[in-house]
Amino acid sequence: MSDSQIVLGRVLPLRSKAVGRRFGRTVKRFLTTDAAAWIVPVALLLVWQVASQLGLIPSNVLSAPSDVIDAAWRLTLNGELLNNIAVSAGRAAAGFVIGGSLAFAFGLLNGVSRIGEKLTDTTFQMVRNIPNLAMVPLVILWFGIEDSARVFLVALGVFFPIYINTFHGIRTADAHLVEMGRSYGMSNWELFRRVILPGALPSIFVGLRYSLGIMWLTLIVAETIAANSGIGYMAMSAREFMQLDVVVLSILLYALLGKLADSVARLLERTTLQWHPAFQARRKET
Amino acid sequence: MVDDILVRALLEEGLHPLDDREPATREPAASEPDLPPGGVAITIAGLTKSFGSNTVLHGIDLEVPAGQFLTVIGKSGCGKSTLLRILAGLDQATSGEVLFDGVPSGRSGHVARLMFQEPRLLPWARVIGNVEVGLGARRTLPGAEDRALAKLAAVGLESRATDWPSVLSGGQKQRVALARALASSPNFLALDEPLGALDALTRIEMQGLVEQVWREQGFTAVLVTHDVTEAIVLGDRVVLIEDGIIKLELDIDLPRPRRRGAPEVAALEEKVLRHLFSEGGYVERRAVA
Ligand SMILES: Nc1ncnc2c1ncn2[C@@H]1O[C@H](COP(=O)(O)OP(=O)(O)OP(=O)(O)O)[C@@H](O)[C@H]1O
Ligand SMILES: [Mg+2]
């Protein structure tokens, strides 16, 4: 009995040290997982909640997260929330698909063809320098306050990041690899598909992710100026009725939807660019 | 007159003047299913290349018999790469011609490949995909992957077939580039310092590999190198380019495989180096002129 006590006494400190080390390692491993990215947002929410309850943040300045959740629940029950999200997401997607595919097509065309570049690039560069939202009055005159106006604005907004980065990616194709492909008898099409386009993908993804940000930004503004549905509309009408919680909810929704779109783009990027050393390193870690 | 003296000087040195060797023909192994392509005889006549006012090659004349391993040395900037690129059809000569088996190289139908100084692998294709690039149009035929794998095996990398190029070492990348060149069954393979960036040990290993695949496949090889020893160990013949012309040709009749430390190799190396760095040849020629 006394023997085992001595043993315990000797072993325990060692063991607790080992446990501590293992705990440290677990924490470290957790910090490299995807979940860790949410530590800071969640902590911010907690601080915000506590500060609201203590009265540090007056409720007419910013609603407490719990109030926002209440509002979300209320609007979910009457169907408004889902409806507005669906409407906004639909507009964002439509604008993105239209603007993005045009941008991609023109980026490719002008990237491979000097004539195409001569004919269109100057125009694009001029239009690009017009602030997107300066077009709003004109767009309202053209389309009224229909959905097509908002889709047009989104399409215009996402066009340039994708166009410029696609164009750039194609133009900066590795001349050495192109020469190699030629010397091995690749046809123009093969050269494009197997050498030039894959090389341009990292740049195209930069444009894609950037344009997703612009997509939401443009949509928010378009929806707050003139709309009768959508998240932006929800926020604006809530303002009229002094429903601060709904306003905050709308803003948080944009943040979440933006993050969602970015995550999808990242996932695409990670699967398409497996060959890229930057993505290989990340794959090995996890 | 000038040439006579030069030729005599070369003979005294034990060096051969131009064009004195018969083609070393080799029989194609007809029984093999994947027939080695066999080499092509190359004739270079009055080849001149200028970039604007800068004339880099001043009328090169050279015969390379089918299946010969020719090594080219010369100081940096003397036009070695330019010569290889023209031979491989990547650049056009300003004047003069290149004949493959007597036919202008562009129309001869022979496969000429250039192995670059850098591996130039497609980073987004796996190792096996990169080797398949060499198959060209045959890539879509059945059995293409087996062919590619066989070439990969020839350079000892069949176990890395599904790796991305970015995880390979420099020497391994060059071996993949070699496998890709082999996959295209070249009749002529030009090698532009492909081993220049490798460490000494890997380099020796790669030299052995290049020599081995050359013997197996029988293509005509022209290798550019900065390394005189490499030129002597690998070449049936060494040519030295200087001032845009061929200043020296030297047949290497040593049995293969050659040992780098062997006294015969060292003696030849000494000879070439002496020629490279002595101004003697110039003085003699100027005195005559
Ligand atoms: N595309 C080009 N345009 C203009 N000048 C060129 C071009 N390519 C080569 N040159 C010139 O031709 C000369 C020979 O170049 P080349 O690359 O053939 O030399 P090199 O013998 O291969 O040298 P190194 O051993 O350093 O590789 C150099 O003076 C170079 O500046
Ligand atoms: Mg060179």
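All figures in this text were calculated on a predicted structure; none of them were measured in a lab. (Residues numbered from 1 in each chain as written. Chains lettered and ligands numbered in written order. Predicted model: local features only at pLDDT ≥ 70, side-chain atom pairs only at ≥ 80, totals over all residues. Heavy atoms only, no water.)

Q: Please explain the overall build of chain B as it appears in this structure.
A: On a plain count of helices and strands, chain B comes out with nine helices and ten strands. Going through the 289 residues of chain B one by one, you find that 51% of them count as buried. In chain B, the share of contacts with a sequence separation of at least 24, taken over all contacts with a separation of at least 6, comes to 72%. Counting every atom, chain B has about 12900 Å² of accessible surface; 53% of that belongs to carbon and sulfur. (Helix = DSSP H or I, 4+ residues; strand = E, 2+ residues; numbered from the N terminus. Buried < 20%, exposed > 50% of the residue type's maximum accessible area, 1.4 Å probe, protein only. Contact = heavy atoms within 4.5 Å. Areas by Shrake-Rupley, 256 points an atom, 1.4 Å probe, with all protein chains shown as cover.)

Q: Hey, could you run me through the interface of chain A and chain B in this one?
A: Size of an interface: often given as the accessible area lost when the parts come together. Across the contact, 17 residues belong to chain A and 23 residues belong to chain B. Together chain A and chain B conceal approximately 1900 Å² of surface at their shared face, both sides included; 58% is due to carbon and sulfur atoms. The largest contributions to the chain A side of the interface with chain B come from Tyr184, Arg194 and Trp275 of chain A, which together make up 39% of the buried area. The tally of links from chain A across to chain B stands at three salt bridges. Glu179 of chain A serves as the salt-bridge partner of Arg120 of chain B, at 2.7 Å between the closest nitrogen and oxygen. Linking chain A with chain B are seven residue pairs in polar contact (both at pLDDT 80 or more). Elements supplying a minimum of two residues to the side of chain A that touches chain B: α8 (175–183), α9 (188–225) and α12 (277–285) of chain A. Of the residues that constitute the side of chain A that touches chain B, the class distribution is eight nonpolar, five polar and four charged. (Buried area = accessible area lost by both parts, 1.4 Å probe. Salt bridge = Lys/Arg side-chain N within 4 Å of Asp/Glu carboxyl O. Polar contact = N/O pair within 3.5 Å; in protein donor to acceptor, adjacent residues only side chain to side chain. Nonpolar A, V, L, I, M, F, W, Y, C, P; charged D, E, K, R; others polar.)

Q: Please explain the side chain of Asp245 of chain A as it appears in this structure.
A: All names here are of chain A. Looking at the secondary structure, you find Asp245 in helix α11 (residues 244–272). In this structure Asp245 comes out as buried when scored by relative accessible area, which is 16%. If near-sequence neighbours (up to four positions away) are discounted, Asp245 is found in contact with Ser63, Asp67, Val68, Ala71 and Arg74.

Q: How should the pairing of strand β1 (residues 42–51) of chain B be read in this particular structure?
A: Successive side chains on a regular strand alternate, one facing one side of the sheet and the next facing the other. Residue and element names in this part refer to chain B. Summarising the sheet, β1 and strand β2 (residues 54–64) pair through eight bridges and their orientation is antiparallel. If you follow Leu47 over to β2, its bridge partner there is Ile60. Hairpin connection of β1 to β2: two residues between the antiparallel strands, including Gly52 at a positive phi of 60°. (Pairing = 2+ DSSP bridges.)

Q: Explanation requested: the nonpolar core in the structure shown.
A: For soluble globular proteins, the rule of thumb is that nonpolar side chains tend to be buried together. With 127 residues, the main nonpolar core has Ile42, Leu152, Leu178 and Phe188 of chain B as its most contacted residues. When residues of this core are assigned to their parent elements, the largest contribution, 13 residues, is made by α9 of chain A. Among all residues touching Leu178 of chain B, those that are not within four sequence positions of it are Met115, Val155, Leu189, Leu209, Val210 and Val213 of chain B. Grouped together as the second largest cluster of nonpolar side chains are 16 residues, Val228, Val238, Ile252 and Ala262 of chain B included. (Core = buried A, V, L, I, M, F, W, Y, C linked by side-chain atoms within 4.5 Å.)

Q: Before we go on, may I ask you to explain the site of ligand 1 in this structure?
A: Residues and elements named next belong to chain B. The environment of ligand 1 is formed by Phe51, Asn54, Val56, Ser76, Gly77, Cys78, Gly79, Lys80, Ser81, Thr82, Glu193 and His226. Between ligand 1 and Ser81 there is a distance of 2.6 Å, counted from an oxygen atom to a side-chain nitrogen or oxygen. Side-chain polar atom of His226 to an oxygen atom of ligand 1: 2.9 Å apart, as the coordinates give it. The fraction of the free accessible surface of ligand 1 (630 Å²) that becomes covered by protein chains is 58%. Going through the elements one at a time, β2 and α2 (80–87) are the ones with two or more residues in the shell around ligand 1. By residue number, the principal contributor to the shell around ligand 1 is α2, which donates three residues. Each residue belonging to the shell around ligand 1 can be placed in one class, and the counts come to three nonpolar, seven polar and two charged. (Near = heavy atom within 4 Å.)

Q: Teacher, can you tell me more about helix α8 (residues 263–277) of chain B here?
A: Think of an α-helix as 3.6 residues a turn; residues three or four steps apart then line up on the same face. Residue and element names in this part refer to chain B. Here α8 contains 15 residues, and its C-alpha end-to-end distance of 21 Å stays within 8% of the 21 Å for a straight helix at 1.5 Å per residue. If you check which residues of α8 are buried, you get Val265, Leu268, Glu269, Val272 and Leu276. The buried side chains of α8 occupy one side of the element, clustering within an arc of 105° when seen end-on. Facing away from the buried side of α8, by more than 90 degrees, are the exposed residues Pro263 and Phe277. Residues of α8 that are buried make contact with β3 (69–74), α7 (228–234), β9 (237–242) and β10 (245–251). (Expected span 1.5 Å × (residues − 1). Arc of directions from axis to C-beta.)

Q: Sorry, what's going on with unusual backbone geometry here?
A: What is expected of a backbone is that most residues other than glycine have negative phi and most peptide bonds are trans. Residue and element names in this part refer to chain B. Between Arg256 and Pro257 the backbone carries a cis peptide bond, its omega angle lying at -10°. Tracing the backbone shows Pro257 in the loop between β10 and α8. Its identity is not glycine, yet Glu193 carries a phi of approximately 45°, on the positive side. Within the element layout of this structure, Glu193 appears in the loop between β7 (188–192) and α6 (200–217). For Glu193, a relative accessible area of 11% translates into the label buried. Positive phi, normally seen in glycine, also occurs at Asp243, with a value near 50°. Turning to its location among the elements, Asp243 is positioned in the loop between β9 and β10.

Purely spatial values, then, with no claim about function.
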